[in-house]
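One letter stands for each residue in the lines below.
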Amino acid sequence: MKSEIAENVKSIIKEKGLLQKAVAKRAGYGQKAFNNMLNNRKVITDRDIIPIAKALDVEPNVLFGHQGGDKSVWEKRHEA
(Lines give C-alpha, C1' and ligand atoms only; values in the text may rest on other atoms or scores of the structure.)
Protein backbone atom coordinates (compact mmCIF):
# COMPACT_ATOMS: atom_id res chain seq x y z
CA MET A 1 0.00 0.00 0.00
CA LYS A 2 1.35 3.41 -0.97
CA SER A 3 2.04 5.90 1.77
CA GLU A 4 0.54 9.35 1.21
CA ILE A 5 3.37 10.85 3.24
CA ALA A 6 6.05 9.11 1.16
CA GLU A 7 4.37 10.28 -2.04
CA ASN A 8 4.20 13.84 -0.71
CA VAL A 9 7.87 13.75 0.31
CA LYS A 10 8.88 12.51 -3.16
CA SER A 11 6.78 15.24 -4.74
CA ILE A 12 8.37 17.97 -2.59
CA ILE A 13 11.86 16.66 -3.38
CA LYS A 14 11.05 16.81 -7.09
CA GLU A 15 9.39 20.25 -6.90
CA LYS A 16 12.35 21.73 -5.06
CA GLY A 17 14.91 20.06 -7.32
CA LEU A 18 16.63 18.35 -4.40
CA LEU A 19 18.63 15.16 -4.33
CA GLN A 20 17.14 12.34 -2.28
CA LYS A 21 20.53 11.53 -0.74
CA ALA A 22 20.99 15.17 0.36
CA VAL A 23 17.56 15.21 2.02
CA ALA A 24 18.33 11.88 3.69
CA LYS A 25 21.58 13.22 5.10
CA ARG A 26 19.98 16.46 6.35
CA ALA A 27 17.22 14.43 8.02
CA GLY A 28 19.77 12.14 9.69
CA TYR A 29 19.12 8.98 7.68
CA GLY A 30 21.29 6.83 5.51
CA GLN A 31 20.46 6.93 1.81
CA LYS A 32 19.22 3.33 1.76
CA ALA A 33 17.01 3.73 4.85
CA PHE A 34 15.47 6.93 3.45
CA ASN A 35 14.89 5.29 0.06
CA ASN A 36 13.16 2.40 1.84
CA MET A 37 10.83 4.91 3.52
CA LEU A 38 9.96 6.57 0.24
CA ASN A 39 9.36 3.24 -1.49
CA ASN A 40 7.15 1.77 1.24
CA ARG A 41 9.64 -0.82 2.43
CA LYS A 42 9.89 0.96 5.80
CA VAL A 43 7.04 2.77 7.52
CA ILE A 44 7.42 6.49 8.08
CA THR A 45 6.58 6.94 11.76
CA ASP A 46 5.63 10.01 13.76
CA ARG A 47 9.27 10.26 14.87
CA ASP A 48 10.34 10.66 11.25
CA ILE A 49 8.01 13.55 10.42
CA ILE A 50 9.90 16.42 12.08
CA PRO A 51 13.40 15.54 10.77
CA ILE A 52 12.07 15.02 7.25
CA ALA A 53 10.03 18.24 7.33
CA LYS A 54 13.06 20.19 8.57
CA ALA A 55 15.27 18.66 5.88
CA LEU A 56 12.73 19.72 3.25
CA ASP A 57 12.22 23.14 4.88
CA VAL A 58 8.44 22.67 5.11
CA GLU A 59 5.92 22.55 7.93
CA PRO A 60 5.15 19.00 9.12
CA ASN A 61 1.50 19.28 8.01
CA VAL A 62 2.67 19.64 4.40
CA LEU A 63 3.90 16.03 4.52
CA PHE A 64 0.29 15.02 5.22
CA GLY A 65 -0.93 17.05 2.26
CA HIS A 66 -2.29 19.93 4.37
CA GLN A 67 -1.24 23.42 3.40
CA GLY A 68 -4.17 25.52 4.58
CA GLY A 69 -5.32 26.79 7.95
CA ASP A 70 -6.87 23.54 9.17
CA LYS A 71 -4.87 21.51 11.63
CA SER A 72 -3.24 18.45 10.18
CA VAL A 73 -3.74 14.95 11.49
CA TRP A 74 -0.24 15.12 12.95
CA GLU A 75 -0.91 18.42 14.75
CA LYS A 76 -4.17 17.12 16.22
CA ARG A 77 -2.43 13.96 17.42
CA HIS A 78 0.38 15.91 19.10
CA GLU A 79 -1.55 18.68 20.82
CA ALA A 80 -0.69 19.20 24.46
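Structure first, text after, so check above.
Because the structure is predicted, anything quoted here is derived from the model rather than measured.

(A) Up close: the overall build of the protein chain. Looking only at helices and strands, the protein chain has six helices and zero strands in total. Element order for the protein chain, N to C, with α for helix and β for strand: α-α-α-α-α-α. Out of the 80 residues in the protein chain, the part that is buried amounts to 35%. The contacts in the protein chain between residues at least 6 apart in sequence include a share of 52% that link residues at least 24 apart. Total accessible area on the protein chain stands at roughly 5500 Å², and carbon and sulfur atoms take up 50% of it.

(B) Representation of the nonpolar core. Grouped together as the largest cluster of nonpolar side chains are 22 residues, with contacts concentrated most on Val 9, Phe 34, Ile 52, Leu 56 and Leu 63. Residue assignment for this core shows that the elements contributing at least two residues are α1 (4–16), α2 (20–27), α3 (31–38), α4 (46–56) and α5 (60–63). Among all residues touching Phe 34, those that are not within four sequence positions of it are Val 9, Ile 13, Gln 20, Val 23, Ala 24, Tyr 29 and Ile 52.

(C) Inspection of the environment of Asp 57 at higher detail. By the secondary structure assignment, Asp 57 is in the loop between α4 and α5. Among the residues examined, Asp 57 registers a relative accessible area of 64% and is labelled exposed. With 45 residues separating them in the primary sequence, Asp 57 and Ile 12 have C-alpha atoms 9.9 Å apart.

(D) A look at unusual backbone geometry. If you check the backbone angles, Asn 40 has positive phi at about 60° while not being a glycine. Its location among the elements puts Asn 40 in the loop between α3 and α4.

(E) Broad picture of the environment of Ile 5. Tracing the backbone through its elements, the reader meets Ile 5 in helix α1. Given a relative accessible area of 14%, Ile 5 falls into the buried group. When sequence neighbours within four positions are dropped, the list of residues in contact with Ile 5 reads Ile 44, Ile 49, Leu 63 and Phe 64.

(F) Representation of α2 in the model. Here α2 has its buried residues at Val 23, Ala 24 and Ala 27. For α2, the buried positions fall inside an angular range of 100° around the axis, keeping them on one side. Opposite its buried face, α2 presents the exposed residues Lys 25 and Arg 26, each directed more than 90 degrees away. If you follow the buried residues of α2, they end up packed against α1, α3 and α4. Remark: Gly 28 follows α2 within two positions and exhibits a positive phi of approximately 90°.

Rules of the game
- Residues numbered from 1 in each chain as written.
- Predicted model: local features only at pLDDT ≥ 70, side-chain atom pairs only at ≥ 80, totals over all residues.
- Heavy atoms only, no water.
- Helix = DSSP H or I, 4+ residues; strand = E, 2+ residues; numbered from the N terminus.
- Buried < 20%, exposed > 50% of the residue type's maximum accessible area, 1.4 Å probe, protein only.
- Contact = heavy atoms within 4.5 Å.
- Areas by Shrake-Rupley, 256 points an atom, 1.4 Å probe, with all protein chains shown as cover.
- Core = buried A, V, L, I, M, F, W, Y, C linked by side-chain atoms within 4.5 Å.
- Arc of directions from axis to C-beta.

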